[in-house]
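These are the residues of each chain, in order.
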Amino acid sequence: IPTMSTLSDDIHNPKTAHVALFPNAGMGHLVPFLRFAALLLRRNDCRVTLITINPTVSLAESRLTSQFLSAFPQVTHLQLHLLPMDPATVNSSDPFWLRFEAVRRSAHLLRPLLSSTSSPVSALVHDVTLVSPLIPIAQSLSLPCYVLFSSSARMLSFISYYPTLASGLESSNSESNPFEDGLLRIPGISPIYKSSIPSLLLDTNTLFAQILMEDSPNLSRLNGILVNSFEGLEKESVEAVNGGKVSKALPPLFTVGPFPPFEFEKTEWSTPTGWLDQQPDGSVVYACFGSRTTLPRNQMREVGEGLVKSGYRFIWVVKDMIVDKEDDNELSEVLGLDLIEKIKGKGLVVKQWVNQGEILGHRAIGGFMSHCGWNSIVEAAAHGVKILAWPLHGDQGINAEVVRASGLGIWVESWGLGCGEIKSDEIGERVREFMGSELLRLRAEKILDMASQAGGVGGSQQKSFDKLIQEWHIKK
Ligand code: UDP
Ligand code: UDP
């Protein structure tokens, strides 16, 4: 803890911390790191070095990184060039998971990069997918090491408990069944439904499971975990983690959310604000399943029909392929001409990157049909937009439980996790139900107030940043 005199010295000597940020692949990981960086740079007492992976998986990542670097020329940019990896040696076909593994295998290259900066780095903040490979490197350089977690505090609780769940899953003894009545009981938090847990984690041989089994026990070696969340959204999990209820071994959790969207994220063509400007307040549904989640085409068409049947106007972002570079089919081919005709005059369908922060902030938006990527949830919370949760994979089910418990939105139990075959009549009805709910609207407004407090002057975000910068002071 710095003494009073060092604190006041720092006021006259502003750039006393130098943090290196290292996100892993995917917009869901890059976006929060860049917003976090922008918040640090706004303070004027911290230098930032950004480490990115070359090449990126998606075009969206390389575009956003260059926009960020042009907006903040003071940032030092270092690139980690990956060693070649034979995909046959990895138990996953998902391009983003393959990349996570490739970065893990190239992680030792980070050491010379970190030592190469002209002014010394005083802390490393990295992606949650790199815990075990990066801790020894940070230690060998005497750098404090933090994770900027890309999901909810509830997901963090789950991850830290995962080795216990995994040993229960692996044991053939039925008495050790880790689920009781279909529920997973983790100390300190409300039970997690087995049905919210992705199938990739119910099988301990998958890459996701193996990474978690290796990394979870090492979370205790971090100096801290930063989460883009705030108490108004996740009081239970934040208190449980910080009170040592989930696990006594977890390091301090810093609530640094909600991250606001920034100017550097805007592109000229990416937001249909002209159309939105013509719509009444709170009247439009925004439907988007994030940067890397696709629905099968038949399910996509049911979504389109359902939105039309709901009677509400809508903006719908269609995604046909996981990686944007490969997503070049015409909308007419993906949706069919019939559906495109039906949509005319009722909604706007786009098959390109939109600026979601700007859309959610538009007064015309009244609700968000979302896959429950964590960034999307926090963006909706920070704009007071209610959610119709439709989680599909990964952490999305556990995040959807947060949406439901906080009152920010509804999750239709029978839709479950993943992609069943939800029919358009059902979708239309649920859209009407959630768009028409006054209770949800009021609750979303309340959450917006709490988000503004957390992110405002003297709020939890500022307190966390102050504390972190103190910990990151360059030792003279
Ligand atoms: N996003 C966006 N435009 C799009 C799709 C996604 O701006 O067309 C942003 C969204 O606002 C969020 C991020 O990309 O910040 C996606 O992260 P999230 O955690 O919601 O989901 P993921 O894509 O990782 O599944
Ligand atoms: N995750 C993790 N360790 C890993 C990979 C992922 O803890 O090695 C967490 C992380 O919070 C991530 C979530 O699991 O956001 C879901 O990962 P996935 O890649 O399915 O989704 P994404 O966040 O990229 O949309």
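Provided above is the structure to which this section pertains.
Residues numbered from 1 in each chain as written. Chains lettered and ligands numbered in written order. Predicted model: local features only at pLDDT ≥ 70, side-chain atom pairs only at ≥ 80, totals over all residues. Heavy atoms only, no water.

Chemist: Hey, could you run me through the packing of helix H12 (residues 297-310) against helix H18 (residues 424-435) in this one?
Modeler: Packed helices, taken two at a time, are described by the angle between their axes plus the distance between the axes. Closest axis-to-axis distance for the H12/H18 pair is 7 Å, and the angle between their directions is 45°. Taken as axis vectors, H12 and H18 run oblique relative to one another. Relative to H18, the crossing made by H12 is right-handed. Counting all contacts with H12, which are made through Gln299, Glu302, Val303, Glu305, Gly306, Leu307, Lys309 and Ser310, the residues of H18 involved are Ser424, Asp425, Ile427, Gly428, Val431 and Arg432. By residue class, the composition of the contact of H12 with H18 is four nonpolar, five polar and five charged. (Axes fitted to C-alpha atoms, helices over the stretch in contact; angles between N-to-C directions. Helix = DSSP H or I, 4+ residues; strand = E, 2+ residues; numbered from the N terminus. Parallel < 35°, antiparallel > 145°, perpendicular 65-115°, else oblique. Left-handed = near helix turned anticlockwise from the far one by under 90°. Contact = heavy atoms within 4.5 Å. Nonpolar A, V, L, I, M, F, W, Y, C, P; charged D, E, K, R; others polar.)

Chemist: Explain the side chain of asparagine 375 to me, please; I cannot follow it from the model alone.
Modeler: Position of asparagine 375 relative to the elements: it lies in helix H16 (residues 374-383). Given a relative accessible area of 12%, asparagine 375 falls into the buried group. Excluding residues within four positions of it along the chain, asparagine 375 makes contact with Gly28, Pro32 and Asn228. (Buried < 20%, exposed > 50% of the residue type's maximum accessible area, 1.4 Å probe, protein only.)

Chemist: Help me out: how do you make sense of the packing of aromatic side chains in this one?
Modeler: Each pair of aromatic rings is reported with the distance of its centres and the angle of its planes. In total, this model carries 14 aromatic pairs according to the counting rule given. For the ring pair phenylalanine 68 and phenylalanine 264, a centre distance of 5.3 Å and an interplane angle of 75° mean the geometry is edge-to-face. Of this pair, phenylalanine 68 sits in helix H3 (residues 59-71) while phenylalanine 264 sits in the loop between strand E9 (253-255) and helix H11 (273-277), and the two are 196 residues apart along the sequence. For the residue pair phenylalanine 68 and phenylalanine 264, the accessibility class agrees, reading buried in each case. With centroids separated by 5.0 Å and ring planes inclined at 75°, the aromatic side chains of tryptophan 97 and phenylalanine 100 adopt a geometry described as edge-to-face. Note that tryptophan 97 and phenylalanine 100 are positioned in helix H4 (residues 95-106) at a spacing of three residues, about one turn of the helix. Each member of the pair, tryptophan 97 as well as phenylalanine 100, is classed as buried. Here the aromatic cluster, defined as three or more aromatic residues joined through ring pairs, consists of Phe68, Phe72, Phe262 and Phe264. (Phe/Tyr/Trp six-rings, centres within 6.5 Å; stacked < 30°, edge-to-face > 60°.)

Chemist: Would you explain the nonpolar core in this entry?
Modeler: A general tendency of soluble globular proteins is for nonpolar side chains to be buried together. Counting 64 residues, the largest nonpolar core has Phe22, Leu110, Leu124 and Phe158 as the members making the most contacts within it. Considering every element that reaches this core, the biggest residue donor is helix H7 (residues 153-170), with nine residues. The residues contacting phenylalanine 158, other than those within four sequence positions of it, are Leu165, Leu184, Ile186, Ile192, Ile197, Leu201 and Ile398. If you look at the next biggest cluster of nonpolar residues, it comprises 36 residues, including Ala38, Leu226, Phe254 and Trp472. (Core = buried A, V, L, I, M, F, W, Y, C linked by side-chain atoms within 4.5 Å.)

Chemist: Would you take a moment to explain the sheet that holds strand E14 (residues 386-389) for this structure?
Modeler: The strands that make up a sheet are held in pairs by hydrogen bonds between backbone atoms, and each pair lies either parallel or antiparallel. If you trace the six strands from one edge of the open sheet to the other, you get E12-E11-E10-E13-E14-E15, paired in parallel fashion. Lying at the two open borders of the sheet, with one neighbouring strand each, are strand E12 (347-350) and strand E15 (409-411). Averaged over all adjacent pairs, the angle separating strand axes in this sheet is 15°, with direction ignored. Sheet topology places E14 next to E15; three bridges connect them, and they run parallel. (Pairing = 2+ DSSP bridges.)

Chemist: Help me out: how do you make sense of the state of the cysteines in this one?
Modeler: Cysteine pairs can be linked by a disulfide, which is a covalent bond between their two sulfur atoms. Applying the stated criterion to the full structure yields zero disulfides. Cysteine 288 takes part in no disulfide bond, and the closest cysteine sulfur, belonging to cysteine 372, lies 12 Å away. The class for cysteine 288 is buried, based on a relative accessible area of 6%. (Disulfide = S-S within 2.5 Å.)

Chemist: How should the environment of alanine 153 be read in this particular structure?
Modeler: For alanine 153, the location among the structural elements is in helix H7. Relative accessible area serves as the criterion here: at 0%, alanine 153 is assigned to the buried category. Placed 63 residues apart in sequence, alanine 153 and valine 90 show a C-alpha to C-alpha distance of 28 Å.

Chemist: For this particular structure, what's the right way to read the sheet that holds strand E1 (residues 17-22)?
Modeler: If you trace the seven strands from one edge of the open sheet to the other, you get E3-E2-E1-E4-E5-E8-E9, paired in parallel fashion. Every other strand in the sheet has two partners, leaving strand E3 (76-81) and E9 as the edge strands with one partner each. When strand polarity is set aside, the average angle formed by the axes of neighbouring strands in this sheet is 25°. Bridge analysis of E1 against strand E4 (residues 123-126) gives four bridges, and the strand direction is parallel. Of the residues in E4, the one forming a bridge with phenylalanine 22 is histidine 126. Along the sheet face, H7 touches strand E5 (145-149), strand E8 (224-227) and E9 and points at about 120° away from the line of E5.

Chemist: I'm lost on the site of ligand 1 in this one. Help?
Modeler: In the vicinity of ligand 1 there are 15 residues, among which Ser291, Val354, Asn375, Ser376 and Glu379 approach most closely. For ligand 1, whose free accessible area comes to 530 Å², the fraction covered by protein is 93%. Elements with a contribution of two residues or more to the shell around ligand 1: helix H2 (27-43) and H16. Looking at side-chain class alone, the shell around ligand 1 contains five nonpolar, eight polar and two charged residues. (Near = heavy atom within 4 Å. Areas by Shrake-Rupley, 256 points an atom, 1.4 Å probe, with all protein chains shown as cover.)

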